[in-house]
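Given next are the chains, with one letter for each unit.
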Amino acid sequence: MRSITSLDELRSSRLSLDGTVGLAPTMGFLHEGHLSLIRRARDECDHVVVSIFVNPTQFGANEDLSKYPRDIERDLKLIEPLTDLVWMPTAEIMYPQGYQTWVEVEAIASPLEGTMRPGHFKGVTTVVAKLFNGVQPHKAYFGQKDAQQAAVIRQMVRDLNFPIEIVVCPIVREADGLAMSSRNVYLDPEQRKAATGLFRSLSAAKDLYENGERNAEKIRRKMKDVLADEPLAKVQYVSCADYDTLEELDAINGKALLSMAVFIGKTRLIDNFVLG
Ligand code: AMP
């Protein structure tokens, strides 16, 4: 595995890779969720590139950029057997003095996370476009954990004609259902227990759906009720939306996305299930 930082190194290393290239973009502090993307890329492509970059432009002013967990040595050990090239650019490389170009997706980036985290997706799509231009992968791997992010990136790839196939991989969970996340490390033991409320809430809503309920408001109510039983959980949003447009539904007729953002203490967790 070659570790590189600069754009010049990236260009020359990329030229030496013959055949298909798969990219897994990450912010580091890797866990089994990230590794599932990298393994899938390993299975499907001749070469695997991993990027590790805590992208400052996707964090809001009051978010956790400065304390975002990092452990590069551990990350490198984890990915070494699976990866040809790891690109770890600095913020100065990605956003040099005088930087002024942004990529912004409109409607699909505006509800849910887009409403709660203004500017977040503008940062995500800009950095992912830059990662795509640098690495020039044939396929890029994202997690269903960030369902709206995957939808926004698919839209960007369609709209800007990136010749890249977007592969979305299933959510990897802990044994008790909590979706793996780098941010789970912020949780103390009591909060860690409370964090299973997200999975329980989504599971209860799914049970309701499987028993025939199609009223989206009743499904959202069920998710809120389960979360309300968890005193440490402060709900930011729960949603039952059309899978393709992410618009809130009245009735579930086709594929739907159940999603939520919940604060456990100061830690903001997101999770989702797909119905239908
Ligand atoms: P991050 O480092 O949090 O930016 O995540 C990098 C990529 O890993 C994103 O495409 C995430 O959706 C994906 N990812 C994060 N957690 C999980 C998980 N538990 N299961 C599957 N994919 C994940």
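Just so we're clear, the structure is a prediction, and the values are computed from it rather than from any experiment.

1. Things to note about the sheet that holds strand β3 (residues 47-52)
As summarised here, the arrangement of the six strands in space is β1-β4-β3-β2-β5-β6, forming an open sheet in which the pairing is parallel. Each of the sheet's edge strands pairs with one partner strand only, and the pair in question is β1 (2-4) and β6 (165-169). Ignoring strand direction, the axes of neighbouring strands in this sheet form an average angle of 25°. Where strand β5 (residues 139-143) lies against β6, five bridges are found, and the strand directions are parallel. Counterpart to K139 in the pairing with β6 is E165. Here helix α2 (residues 32-44) sits on the sheet and contacts β2 (21-26), β3, β5 and β6; the angle it forms with β5, its principal contact strand, is near 155°. Packed on one face of the sheet, helix α7 (residues 147-159) meets β5 and β6 and runs near 170° to β6.

2. Topic: the pairing of strand β9 (residues 267-275)
Of all nine residues in β9, eight are buried, a share of seventy percent or more. Where strand β8 (residues 256-264) lies against β9, nine bridges are found, and the strand directions are antiparallel. Counterpart to F263 in the pairing with β9 is R268.

3. Focus: the site of the ligand
As a matter of local geometry, the ligand sits amid 17 residues, with M27, H34, D146, V172 and M180 nearest to it. Note that an oxygen atom of the ligand is positioned 2.9 Å from one of the backbone N or O atoms of G143. Note that a nitrogen atom of the ligand is positioned 2.9 Å from one of the backbone N or O atoms of V172. Surface burial for the ligand is 92%, taken as the share of its 490 Å² of free accessible area covered by protein chains.

4. Notes on the packing of helix α9 (residues 197-210) against helix α10 (residues 216-228)
Their axes nearest at 8 Å, the elements α9 and α10 cross at an angle of 145°. Relative to α10, the crossing made by α9 is right-handed. Contacts from G197, L198, R200, S201, L202, A204, A205, L208 and Y209 in α9 reach K218, I219, K222, M223, V226 and L227 in α10. In terms of residue class, the contact of α9 with α10 is made up of 10 nonpolar, two polar and three charged.

The rules behind the values
- In this numbering scheme, every chain counts its residues from 1 along its sequence in written order.
- It should be noted that, the model being predicted, local features are given only for residues of pLDDT at least 70 and side-chain atom pairs only at 80 or more, the latter also being counted only at that level, while totals for whole chains, interfaces and linings use all residues.
- The basis for the side-chain values is all heavy atoms of the structure; hydrogens and waters are excluded.
- The pairing criterion for strands is at least two bridges between them, as found by DSSP.
- Only DSSP runs of H or I covering at least 4 residues are called helices, and only runs of E covering at least 2 are called strands; the numbering of each starts at the N terminus.
- Interaxial angle, 0 to 180 degrees, is taken between N-to-C directions of lines fitted to C-alpha atoms, where a helix line uses only the stretch in contact.
- Pairs of residues are marked as contacts when any of their non-hydrogen atoms sit within 4.5 Å.
- The cut-offs for exposure are 20% and 50% of the maximum accessible area for each residue type, with area from a 1.4 Å probe on protein chains only; residues under the lower value are buried, those over the upper are exposed, and the others partly exposed.
- We define proximity as follows: a residue is near a molecule or strand when any one of its heavy atoms falls within 4 Å of that partner.
- As used in this structure description, the phrase polar contact means that two N or O atoms lie within 3.5 Å; if the pair is within protein, one of them must be able to donate a hydrogen and the other to accept it, and residues adjacent in sequence are counted only when both atoms belong to side chains.
- Areas reported as accessible are Shrake-Rupley estimates using a 1.4 Å probe. Residue values count occlusion only from the protein chains shown.
- Handedness of each helix crossing follows the sense of rotation of the near helix against the far helix: counterclockwise by less than a right angle gives left-handed, clockwise gives right-handed.
- Residues were grouped as follows: Ala, Val, Leu, Ile, Met, Phe, Trp, Tyr, Cys and Pro as nonpolar; Asp, Glu, Lys and Arg as charged; and all remaining residues, including Gly, as polar.

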